[in-house]
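Coordinate analysis (summary)
Each chain, written out:
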Amino acid sequence: MPKTSTRARRRPRARTGPRELRVAAPARRRSASNGSATNAGNSTTGHVKDPALAREGRMRIEWADRHMPVLRAIRARFAKQRPFRGLRIAACLHVTTETANLARTLQAGGAEVLLCGSNPLSTQDDVAAALVSEYGIATFAIKGEDQRTYYSHIVSCIEARPHITMDDGCDLVTVLHTKMKSYLAGVFAGTEETSTGVTRLRAMAAQKVLRYPVIAINDADTKHLFDNRYGTGQSTMDGILRATNMLVAGSTVVVAGYGWCGRGVASRAKGLGATVLVTEVSPLRGLEAAMDGFQVVSMEEASPRGDLFITLTGNKAVLRREHFLAMKEGAIVANSGHFNVEIDIPALERLSASRRAVRPFVEEFRLRNGRRVYLLGEGRLINLAAAEGHPAMVMDMSFANQALCLEFLRKKAKALKREVYGVPKPIDEEIARLKLATMGITIDTLTPEQDRYLRSWSEGT
Ligand SMILES: NC(=O)c1ccc[n+]([C@@H]2O[C@H](COP(=O)([O-])OP(=O)(O)OC[C@H]3O[C@@H](n4cnc5c(N)ncnc54)[C@H](O)[C@@H]3O)[C@@H](O)[C@H]2O)c1
């Protein structure tokens, strides 16, 4: 990561390719009625692949917005109430159409938003371009950026001196707490989107190094029950199919990890006609997978059987040397967990006589034992690398949680400790209620008698 001490380094010194441009676009101010952009004449900076993609990006952002009615309603309220007036928010999130609509929502609420990608391969370049030049949101993200550029983009967001951080995987918070500690003083709260980030934050809190309260968005029921399960389930298969065009029916798919993401992927692979094997380290989750009708086996047992392996554990080296050596000719390996450490790619490299790209997002490793193993999307989250990530309809709830939790933090952060907090229950329930309403679904209401019964203890057999 580059050093950042001088003002001259405010902009990232990332490597730029021929069409990668730093852009200074007219900043936009939300219109009072709906939070949409109008030109305010200021200058917005960013580092995006190609500003000419902005129009295309805007069209796709608007398409996603049609499927995010809960977030839209929150944006309309924020545009009137302006809860984030005077607040600067640094967000390290996957730069997708849905994230763009979240950023617009915060902007409508009066915030200055700075955005960078939370993974080098997940950025949608047209969206990044539109955010800068159509919506006036400073965005630093390029699909396929190298490690140095990735971190320089995080640095750019921190150098803007945010008051609140929004993270997906804890990379921004980690940089802030290690190499850029001097910027911590101005930060009073944060949010974290994903399971892996929450794990890292809990470790920081346990070691007493976390310097401000963070809400774990992933802990909301309206997040992990839907985003991780149905969002990751569908989009992971989408990414694998776009990358490979394989026929899933009749194949053997090995799903490593039966958490919220793993159970979504396992059920979607089963629905497509695969025989699904599940590997786990948790007895409880292994039992659940078995009773959901999956074959639960060790990875050693699964290795020679699988046609397609998908890791979703949040752990490292789940697929490693001994497993690659046992795999059949043509086995495909993909990851949809947060970091690219679940597949031990260095071990795969060491075992291989050659490595070459055979399709976009597909690399062939020819092992010295003569067999070929295909790695998808450099081992990075395949749903975002080779497809578009989760559908907007499910991100509607995840990002409604983000928006409402930021509003909560603005009001209440002073009363919180330097710990990791769950999403307040009333926010979670309100989002479920709003989502049901937008889906035209009515549920029953407790009668007064039922309500009393559920709160009493004397009435029995
Ligand atoms: N691709 C995406 O868009 C997306 C979306 C949400 C979350 N994620 C990421 O996916 C990962 C999983 O998230 P989750 O919400 O399902 O987490 P989770 O904690 O609910 O589940 C992870 C499961 O993996 C199991 N596990 C751990 N090590 C293992 C090993 N060596 N072998 C087999 N199983 C193992 C755990 O016991 C657990 O049941 C995280 O990294 C998370 O950040 C990705």
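Described in the following lines is the structure provided in the data block. (Residues numbered from 1 in each chain as written. Predicted model: local features only at pLDDT ≥ 70, side-chain atom pairs only at ≥ 80, totals over all residues. Heavy atoms only, no water.)

A word on the packing of helix 8 (residues 221–244) against helix 9 (residues 260–271)
Between helix 8 and helix 9, the least distance of the axes is 7 Å, while the angle of their chain directions is 45 degrees. Between helix 8 and helix 9, the crossing angle belongs to the class labelled oblique. Read as a crossing pair, helix 8 and helix 9 show a hand that is right-handed. Contacts between helix 8 and helix 9 involve His224, Leu225, Asn228, Arg229, Tyr230, Thr232, Gly233, Gln234, Thr236 and Met237 from the former and Trp260, Cys261, Arg263, Gly264, Val265, Arg268 and Ala269 from the latter. By residue class, the composition of the contact of helix 8 with helix 9 is seven nonpolar, seven polar and three charged. (Axes fitted to C-alpha atoms, helices over the stretch in contact; angles between N-to-C directions. Helix = DSSP H or I, 4+ residues; strand = E, 2+ residues; numbered from the N terminus. Parallel < 35°, antiparallel > 145°, perpendicular 65-115°, else oblique. Left-handed = near helix turned anticlockwise from the far one by under 90°. Contact = heavy atoms within 4.5 Å. Nonpolar A, V, L, I, M, F, W, Y, C, P; charged D, E, K, R; others polar.)

Quick word on the environment of Asp307
By the secondary structure assignment, Asp307 is in the loop between helix 11 (299–302) and strand 12 (308–311). Distance from Asp307 to Gly330, taken between C-alpha atoms, is 7.4 Å for residues 23 residues apart in sequence. Apart from residues lying up to four places away in sequence, Asp307 is in contact with Ser251, Thr252, Lys328, Gly330, Ala331 and Ile332. A polar contact is formed between the side chain of Asp307 and the backbone nitrogen of Thr252, at a distance of 2.7 Å. (Polar contact = N/O pair within 3.5 Å; in protein donor to acceptor, adjacent residues only side chain to side chain.)

Section: the sheet that holds strand 15 (residues 362–367)
Read across the sheet, eight strands follow the order 11-10-9-12-13-16-15-14 without closing on themselves; strand pairing throughout is mixed. One side of each edge strand has no neighbouring strand; the edge strands of this open sheet are strand 11 (295–296) and strand 14 (352–359). Along the sheet face, helix 8 touches strand 12, strand 13 (331–335), strand 14, strand 15 and strand 16 (372–376) and points at about 140 degrees away from the line of strand 12. (Pairing = 2+ DSSP bridges.)

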